Amino acid sequence: MRRPRSLSNGPIVLMLGASLLAAACGGSASAAPTLAPGETATPAPGTTANPGSSAGTPDGALAFGQATSELDALDSYEFNAEIASTTTTAGVENRNRTVMTGVVVNRPDKASSLQMDEYDDSGNISSTTGIVIIGDASWVRNDASGPWEAIPLAQASLFAQSFAAFRPEKLFGVYFATLGNDFTNAGNETKNGVPSTHYKGGEGIGSVFAAIAQFQGTWTSDVWLATDGNYLVHSEAIGQGTADGDTGSFKMTVDISKPNSAGPIETPGVEG
């Protein structure tokens, strides 16, 4: 097993953004893994498979493919995405955490916002970036209490594309949807207040996240999709690795809340 290396969420977020932008521009995505001959996935006890599918059959592929665009069918929603990592080397623990929160409004007029907070080892916010896009106009600020600055119109399109790479449907589409064959229906549950179908994944998620997390280890993954609308409600990937007494952990979660009732997004006060 490869020794876990020290992680920093700043580079991790940049790696995520780079691969997301590549996918958005037509780059290739990881191929979905398939079960070995004769191997079957077992649904959680007391749960049932999707209508029309056999119990124990991976059935996330179709649902996940549809889910990548279903958030666009909502009038609005809030999202929260978190990337957290911990490494312990020679008894010294390093913790990194990045939290991205925002609102997406699709109707009546398109608008979106994002706040990205990075935390230090002590759990304090070390940096904050804010982004607001309303129609063709964009604003940014690099401090939670700092002034908003308007993005020149000539740069707004590229800026909006970069921002879109961190929206939840893109995170899900690149890092989960390509592995739909690895997920099995685990029954109906309520998640984030939304009636949902729970899908459990296997070790396949490690083929995507191990390079980003920078260690090899044990991986688990879970996804909840709304039973009405099939849009993403929650997704998570969790990894643990150990080698020669050193340990590493990685967790990425995405949550959707307030479907059709988020916003509105106000125009930031621009100074200067």
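Residues numbered from 1 in each chain as written. Predicted model: local features only at pLDDT ≥ 70, side-chain atom pairs only at ≥ 80, totals over all residues. Heavy atoms only, no water.

Caption draft 1: Broad picture of the packing of helix α2 (residues 60-70) against helix α4 (residues 168-175). It is the contact of α2 with α4, at a shortest axis distance of 8 Å, that shows an interaxial angle of 155°. Taken together, the axes of α2 and α4 are roughly antiparallel relative to one another. Regarding α2 and α4, the two cross each other, and that crossing is left-handed. From α2, Phe64, Ala67 and Thr68 reach across to α4, where they touch Glu169, Phe172 and Gly173. Residue composition of the contact of α2 with α4, grouped by class: three nonpolar, two polar and one charged. (Axes fitted to C-alpha atoms, helices over the stretch in contact; angles between N-to-C directions. Helix = DSSP H or I, 4+ residues; strand = E, 2+ residues; numbered from the N terminus. Parallel < 35°, antiparallel > 145°, perpendicular 65-115°, else oblique. Left-handed = near helix turned anticlockwise from the far one by under 90°. Contact = heavy atoms within 4.5 Å. Nonpolar A, V, L, I, M, F, W, Y, C, P; charged D, E, K, R; others polar.)

Caption draft 2: Molecular detail of the packing of aromatic side chains. This model, assessed by the stated rule, comprises nine aromatic pairs. Judged by centre distance (5.4 Å) and plane angle (80°), the ring pair of Phe64 and Tyr199 falls under edge-to-face. On the criterion of sequence distance, the pair formed by Phe64 in helix α2 and Tyr199 in strand β8 (residues 194-201) is long-range, its members being 135 residues apart. For Tyr199, a relative accessible area of 3% translates into the label buried. (Phe/Tyr/Trp six-rings, centres within 6.5 Å; stacked < 30°, edge-to-face > 60°. Buried < 20%, exposed > 50% of the residue type's maximum accessible area, 1.4 Å probe, protein only.)

Caption draft 3: The arrangement of unusual backbone geometry in detail. Cis geometry marks the peptide bond from Arg107 to Pro108, where omega comes out at 5°. The residue Pro108 is located in the loop between β2 (92-105) and β3 (111-119) in this model. Cis geometry is adopted by the peptide bond preceding Pro264, which originates at Gly263 and carries an omega value of 0°. Turning to its location among the elements, Pro264 is positioned in the segment after β11 (246-257). A positive phi angle, near 50°, is found at Lys258, a position not held by glycine. You can see Lys258 is positioned in the segment after β11. Positive phi, close to 65°, is recorded for Asn260, a residue that is not glycine.

Purely geometric stuff here, so don't read any function into it on its own.
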